[in-house]
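Structural overview
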Amino acid sequence: AQSVTQPDIHITVSEGASLELRCNYSYGATPYLFWYVQSPGQGLQLLLKYFSGDTLVQGIKGFEAEFKRSQSSFNLRKPSVHWSDAAEYFCAVVNDYKLSFGAGTTVTVRA
Amino acid sequence: GAGVSQSPSNKVTEKGKDVELRCDPISGHTALYWYRQRLGQGLEFLIYFQGNSAPDKSGLPSDRFSAERTGESVSTLTIQRTQQEDSAVYLCASSPRTANYGYTFGSGTRLTVV
């Protein structure tokens, strides 16, 4: 079964600093990969997705992610975080007609 | 509709009672999914609908849980004889045809069993 792993449970970053969230996938062929964000008390919002083609994917809210087959990774980045980016972030992969989600990374932004 | 709508947004019920949670997907989305998110946890898959059939019910935790869907429209998740461990946020999502397109999630129903 296809799965993703998010190695970092919690990350704290200063406002204005860069952010990188890690996601590793386990799948032989090219996977369908996604990043979602869940703000406190909210549902999940799609940030970006990767199917094929250009390995650098641009998303909403200034986020981007890079697919690296050699490292089985799909890391999420943002050059300069804002206090509103404090949230939980989930990586996901298509697995048998549904999405399987990682355990999530909680991002805290300090002033 | 414009988005995925779930109702109620909050539900408090007594242990042993039955509850029904409703999901209204985006119009035209044939695929519908239910997930459970316990406090501080990730997303646990419950069931997948394609149209009104459920090819994958593998995530339903026990026979107290059931779900149905009317055509390509509303879905209802029913939990019978609720237990305290059923307390969680129940999230519904829909997709145009398959998960390859990604999901649009509803805001969830927060279920508290007291």
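Preceding block: the structure.
Let us look at the structure shown here. (Residues numbered from 1 in each chain as written. Chains lettered and ligands numbered in written order. Predicted model: local features only at pLDDT ≥ 70, side-chain atom pairs only at ≥ 80, totals over all residues. Heavy atoms only, no water.)

Looking at the secondary structure, you find B:E44 in strand β5 (residues 44-50). Distance from B:E44 to B:L111, taken between C-alpha atoms, is 15 Å for residues 67 residues apart in sequence. (Helix = DSSP H or I, 4+ residues; strand = E, 2+ residues; numbered from the N terminus.)

Residue and element names in this part refer to chain B. The four strands are arranged β1-β3-β8-β7 in an open sheet whose pairing can be described as antiparallel. With one partner strand each, in any of the chains shown, β1 (5-7) and β7 (65-69) form the two edges of the open sheet. Geometrically, the sheet is characterised by an average inter-axis angle of 15° between neighbouring strands, direction not taken into account. Pairing of β7 with strand β8 (residues 75-79) involves five bridges; the strand directions are antiparallel. Paired with R69 across the bridge in β8 is S75. (Pairing = 2+ DSSP bridges. Axes fitted to C-alpha atoms, helices over the stretch in contact; angles between N-to-C directions.)

Here we come to the state of the cysteines. Summed over the entire model, instances satisfying the criterion amount to two disulfides over all chains. Note on cysteine connectivity: A:C23 is disulfide-linked to A:C91, with sulfurs 1.9 Å apart. Residues A:C23 and A:C91 share a disulfide whose torsion about the S-S bond is about -65°; that sign makes it left-handed. One end of the pair, A:C23, is in the loop between β3 (19-21) and β4 (24-26); the other, A:C91, is in strand β10 (residues 87-95), with 68 residues separating them in the sequence. Given a relative accessible area of 0%, A:C23 falls into the buried group. The residue that forms a disulfide with B:C23 is B:C92, at a sulfur-sulfur distance of 1.9 Å. When the S-S torsion is -65°, as for the bridge of B:C23 with B:C92, the disulfide is left-handed. You can see B:C23 sitting in strand β3 (residues 19-24) and its partner B:C92 sitting in strand β9 (residues 88-95), a full 69 residues away along the chain. Taken individually, B:C23 and B:C92 each receive the classification buried, so the pair is uniform in this respect. (Disulfide = S-S within 2.5 Å. Buried < 20%, exposed > 50% of the residue type's maximum accessible area, 1.4 Å probe, protein only.)

No statement about biological role is implied by the geometric values presented.
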